[in-house]
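What follows is each chain in one-letter form.
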Amino acid sequence: MLHDALGQAVPAFTEARVVSSDLTEVLPSDRRADVIVVLLVGEQERPAMAIVVEVQLRVDPDKRYVWPVYVVQTRARNRCPTQLLVVTIDAEIARWCSRPIDTGHPGLTLAPLVLGPEGVPVVTDAEQAKASPEVVVLSAMAHGQGEAAEAIGVAFLAAAAGLDEERRAVYGDLVLSSLNAAARRTLEAMMKSGYEFQSEFARSYVAKGVEKGREEGRQAGLLEAKAQAVLAVLEARGLEVPAEVRGRVLESTDVAELDRWIRRAASVGDARELLAMTGS
């Protein structure tokens, strides 16, 4: 009837089989989106819109099958319009994520909304950074290897004083690990010198011994601080950190590896993926 009455294409097949119509067990129980935000209105807190947020760092063909499920299930649960927002800091990944997903049902094609590096603003204004500190962190991650890296870092220093201690530490490590080497050296020099952007973040960073970074004792402290930052990001996102992952992170003696892990900890769906990405 699909073919003859409705004119729909039906592929060649050797058997038609009726399978279970119980959809509650179709997906594994650990299948989950990175973040789901529900916008509420009124005293009764009626859902006005839901946003499924996915952070994507690599091509993952499986996502083209699960993203439509995230949208449909979130819409059914909250009984409101639902959109999919994919965030990535890689232009190639952004192009892959933007490809429409044809579900096979006529008219049911999901076109992901993608925020790639081109869509992330270059935040160099101190007041803008203070108003939206999360945006300046994302700006550093997207543009921290370019010419604006130093200006982005300076803008973040201006905003750091207004953050609580936990966000100041996590955001600070994310920003510094995202900037190119020249910009990072400039910012660290500014924090040491008591420049006008000296904030509580800068003072605490210096107090931990940034100015003794070349000393043997400082190296151990730096490794420990970065390892703790990796674990803090995972735990702040509500992810369980298995003993083997915690041990591997705390035992790392590679500053560059820890810097990479700090950035990846912000997007992985499972703490074990942190090690899988490096082949560890």
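Up top is the structure.
These figures come from a predicted structure and were not determined experimentally.

### Comments concerning the overall build of the protein
For the protein, the helix and strand inventory stands at 12 helices and six strands. Out of the 280 residues in the protein, the part that is buried amounts to 37%. Restricting the contact set of the protein to residue pairs at least 6 apart, pairs at least 24 apart contribute 61%. Counting every atom, the protein has about 16500 Å² of accessible surface; 52% of that belongs to carbon and sulfur.

### Some words on the nonpolar core
Counting residues in each nonpolar core, the largest one holds 43 residues, and the members touching the most others are V136, V137, F156, V230, L234 and V249. Contributing elements (two or more residues each) for this core: α4 (133–143), α5 (149–160), α6 (165–178), α7 (181–193), α9 (216–236), α10 (243–251), α11 (255–265) and α12 (273–276). Ranked by residues supplied to this core, first place goes to α5 with eight residues.

### What about the pairing of strand β3 (residues 82–87)?
The pairing of strand β2 (residues 46–55) with β3 spans six bridges and is classified as parallel. Bridge pairing in β3 places A50 opposite T82. Across three bridges, the pairing between β3 and strand β6 (residues 113–115) is parallel. Its bridge partner lying in β6, V87 is registered against L115.

### Examining the packing of α6 against α11
One way to put it is that α6 packs onto α11 with a least axis distance of 9 Å and a crossing angle of 120°. Between α6 and α11, the interaxial angle falls into the category oblique. The way α6 lies across α11 gives a crossing that is left-handed. Contact residues: α6 offers D173, L174, S177 and S178, while α11 offers D259, I262 and R263. When grouped by side-chain class, the residues that make up the contact of α6 with α11 number two nonpolar, two polar and three charged.

### Side note on α6
For α6, built from 14 residues, the straight-helix expectation of 20 Å at 1.5 Å per residue is met to within 8% by its first-to-last C-alpha distance of 20 Å. The buried fraction of α6 amounts to 10 of the 14 residues, a majority that puts the element mostly inside the structure. Looking at α6, one finds that the buried residues are R168, V170, Y171, G172, D173, L174, V175, L176, S177 and S178. Between the side-chain oxygen at the start of α6 and the backbone nitrogen of E166 there is a gap of 3.2 Å, and the oxygen is on D164.

Definitions and cut-offs
Residues numbered from 1 in each chain as written. Predicted model: local features only at pLDDT ≥ 70, side-chain atom pairs only at ≥ 80, totals over all residues. Heavy atoms only, no water. Helix = DSSP H or I, 4+ residues; strand = E, 2+ residues; numbered from the N terminus. Buried < 20%, exposed > 50% of the residue type's maximum accessible area, 1.4 Å probe, protein only. Contact = heavy atoms within 4.5 Å. Areas by Shrake-Rupley, 256 points an atom, 1.4 Å probe, with all protein chains shown as cover. Core = buried A, V, L, I, M, F, W, Y, C linked by side-chain atoms within 4.5 Å. Pairing = 2+ DSSP bridges. Axes fitted to C-alpha atoms, helices over the stretch in contact; angles between N-to-C directions. Parallel < 35°, antiparallel > 145°, perpendicular 65-115°, else oblique. Left-handed = near helix turned anticlockwise from the far one by under 90°. Nonpolar A, V, L, I, M, F, W, Y, C, P; charged D, E, K, R; others polar. Expected span 1.5 Å × (residues − 1). Polar contact = N/O pair within 3.5 Å; in protein donor to acceptor, adjacent residues only side chain to side chain.

The values reported here are purely geometric and, on their own, carry no functional implication.
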